[in-house]
Amino acid sequence: MRRKLKEEYNHVIAGICREKMYLNTHICICDNKRIEVENCKRIMEYNDIYVKIKTSTLILQVWGENIVISDYNMDGIIIEGKISSIEFL
Amino acid sequence: MFDSIRGVITFSVCCSEPNKFINVLKNSYIASRNLRIINSNIIGEVYSCDYETLKEFAEKNSAELKELKRKGIIFVFRKYKKRIGLFVGFFLALALVIFCSNIVMAIEISGNEHVTDEQILAILEDNGIKIGSFIPNIDFRRAERKIIVALDDLAWIGVRNTGCRVIVEVNERTKIPEMVSTTRPCNVVSTKDAQIVGLKVYMGMLVPMLGDGVRKGDLLISGVVEGSHQNTYYVHAMGDIIGRYEEKVSFSQNMTDNIMVYDDEIIKKSISVFGFRIPLYINKSIDSEYEYAEQINNFKLLKLTLPVGIVISEYNPYTVESVSYTEEEAEELLNEKVKRYEQNFLSDDSVKIIDNKIQTSIKDNVMTITVTYTLEGNIGETQEILAKY
């Protein structure tokens, strides 16, 4: 019981810290042509119609056509192309 | 523009695990863009400075890296980096542009009528303003003050520069004309001893009659007029009094004289660049005295006169020789002098030569011609009447 409470407490504290230190995943969508994802950890899968990326808090799947990734070395990536759907896992 | 300066290389990587390679790329400090997977090849763009690092990653991950395209000014510079002459030429051209922009190439003077350009240019040169001067060193305000003090005929002067041209604008003083007040009472008096041969009286009372002789200073037309009721009133006397008078002029000529005998003219050319002269001749000194004249022909580009030109210097060497004249020769020279005198002083419409008597004499090796002219002209002069009113 105590363990569960402790885990929940830690989870809440971690969430607050992540929020205060801007370590949450920030996604900026512009039309259906451009998505900027901050705090991206790695690219799990990628091809020209689908990309799956892992961020600090969740996993993102982006479907579309002519998908192109740009990385400007800022712990984030930019996904460009004709985007048809975004899924959060 | 930033990409053009830094240079961007489009690459293609062929590897067995493209996702892994993309993650390696992502986790490195290399900025990559437009990454896409086409037929299991990763195609993307990186900056030229990161390409070497990309090569190392490709080698480490057993991937085959190919360069597809290069874009940017940096590649053009690298291609020509050993062509030192290009860079030296570029900097020399830049230095020349900066130099020419700060050097006086032309001086334009406007607004002057009686004051000549040469006078103004001479004073400007004394103040350091001439073709070839360095503009930042010129004190224009000081030059303006100096020119105004030096030339009394100027009312205002402005000196400024527009690029490499110095523009001088002047306003001359309006000279006060000699004004004869037509309201002030005055007499007309004679300026010469003469016989009156013509009269035109516009205002006043005529004193002598036609044919009378008058002396210098005699009253010709009086401004004091007696009225009908024995009252006196004063007028501004006006009129033309034509008198016949004599004038004596003498000219002399030495029987032995020194004259200049000129040798062949010597012409020397030099190139003038911003005021500096580069001679185009071997310097041979001229032993005798000479007369010097100079002509500068500046080159022109469209309508702009450049400060580069050819200077043509003309030297006329001469020797002074003693010459003896015969009586006939001396008389001929004197007659020429007489003719020149008549052309310069007696060819006016206001004076008519009625007669001339020539007397020639020789004394102490000097021949003298005395010409006695009988002239007809206006002998009247206005003289104010000083009276208490």
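Structure first, text after, so check above.
Here's what I pulled together on the structure shown here. (Residues numbered from 1 in each chain as written. Chains lettered and ligands numbered in written order. Predicted model: local features only at pLDDT ≥ 70, side-chain atom pairs only at ≥ 80, totals over all residues. Heavy atoms only, no water.)

Side note on the interface of chain A and chain B
When the parts of a complex come together, some accessible area is lost, and that lost area is often used as the size of the interface. Contacts between chain A and chain B engage 18 residues on the former and 16 residues on the latter. The contact between chain A and chain B buries some 1,400 Å² in all, and 49% of this surface belongs to carbon and sulfur atoms. At the surface where chain A touches chain B, the tally comes to nine residue pairs in polar contact (both at pLDDT 80 or more). Secondary-structure elements contributing two or more residues to the side of chain A that touches chain B are β3 (40–46), β5 (59–71) and β6 (76–88) of chain A. Here the element with the most residues in the side of chain A that touches chain B is β3 of chain A; it accounts for seven residues. (Contact = heavy atoms within 4.5 Å. Buried area = accessible area lost by both parts, 1.4 Å probe. Polar contact = N/O pair within 3.5 Å; in protein donor to acceptor, adjacent residues only side chain to side chain. Helix = DSSP H or I, 4+ residues; strand = E, 2+ residues; numbered from the N terminus.)

Thoughts on the sheet that holds strand β8 (residues 186–190) of chain B
Hydrogen bonds along the backbone pair up the strands of a sheet, which may run parallel or antiparallel. Residue and element names in this part refer to chain B. Strand order in the open sheet made by the four strands is β10-β12-β8-β23, with antiparallel pairing throughout. Every interior strand has two partners, whereas the edge strands, β10 (205–206) and β23 (380–384), have only one. In this structure, β8 lies alongside strand β12 (residues 219–222), joined through two bridges in antiparallel fashion. When the bridges of β12 are listed, Val 188 appears paired with Ile 221. (Pairing = 2+ DSSP bridges.)

What about the packing of helix α2 (residues 18–27) of chain B against helix α3 (residues 51–60) of chain B?
All names here are of chain B. Axis separation between α2 and α3 bottoms out at 11 Å; the angle between their running directions is 140°. Comparing their axes, α3 and α2 come out oblique. In terms of crossing hand, the pair formed by α2 and α3 is right-handed. Residues Phe 21, Val 24 and Leu 25 of α2 touch α3, and the partners they reach there are Leu 54, Phe 57 and Ala 58. By residue class, the composition of the contact of α2 with α3 is six nonpolar, no polar and no charged. (Axes fitted to C-alpha atoms, helices over the stretch in contact; angles between N-to-C directions. Parallel < 35°, antiparallel > 145°, perpendicular 65-115°, else oblique. Left-handed = near helix turned anticlockwise from the far one by under 90°. Nonpolar A, V, L, I, M, F, W, Y, C, P; charged D, E, K, R; others polar.)

Thoughts on the environment of Val 37 of chain A
All names here are of chain A. For Val 37, the position within the fold is in strand β2 (residues 34–38). Owing to a relative accessible area of 2%, Val 37 belongs among the buried residues under this scheme. Each C-alpha atom, one on Val 37 and one on Ile 53, is 9.3 Å from the other, the two residues being 16 residues apart in sequence. Residues in contact with Val 37, not counting those within four places in the same chain, are Thr 25, His 26, Ile 27, Ile 53, Thr 55, Leu 60, Gly 76 and Ile 77. (Buried < 20%, exposed > 50% of the residue type's maximum accessible area, 1.4 Å probe, protein only.)

Notes on the pairing of strand β1 (residues 8–14) of chain B
Residue and element names in this part refer to chain B. With respect to burial, β1 is a largely interior element, six of its seven residues being buried. One ladder, built from seven bridges, connects β1 with strand β4 (residues 64–71); its direction is antiparallel. Its bridge partner being in β4, Val 8 is matched across the sheet by Lys 71. Here β1 pairs with strand β3 (residues 41–47) via seven bridges, running antiparallel. Bridge pairing links Cys 14 to Asn 41 in β3.

A look at the environment of Gly 15 of chain A
Looking at the element boundaries, Gly 15 of chain A is found in helix α1 (residues 2–20). Put simply, Gly 15 of chain A and Thr 57 of chain A are 42 residues apart on the chain and 9.6 Å apart in space, counted from C-alpha to C-alpha.

Section: the side chain of Thr 25 of chain A
All names here are of chain A. Checked against the element boundaries, Thr 25 lands in the loop between α1 and β1 (26–30). Polar side-chain contacts of Thr 25 include one of 2.8 Å to the side chain of Thr 55. A distance of 2.7 Å separates polar atoms of two side chains, one belonging to Thr 25 and the other to Thr 57. When near neighbours in sequence (up to four residues on either side) are disregarded, Thr 25 contacts Val 37, Glu 38, Thr 55, Ser 56, Thr 57 and Leu 58.

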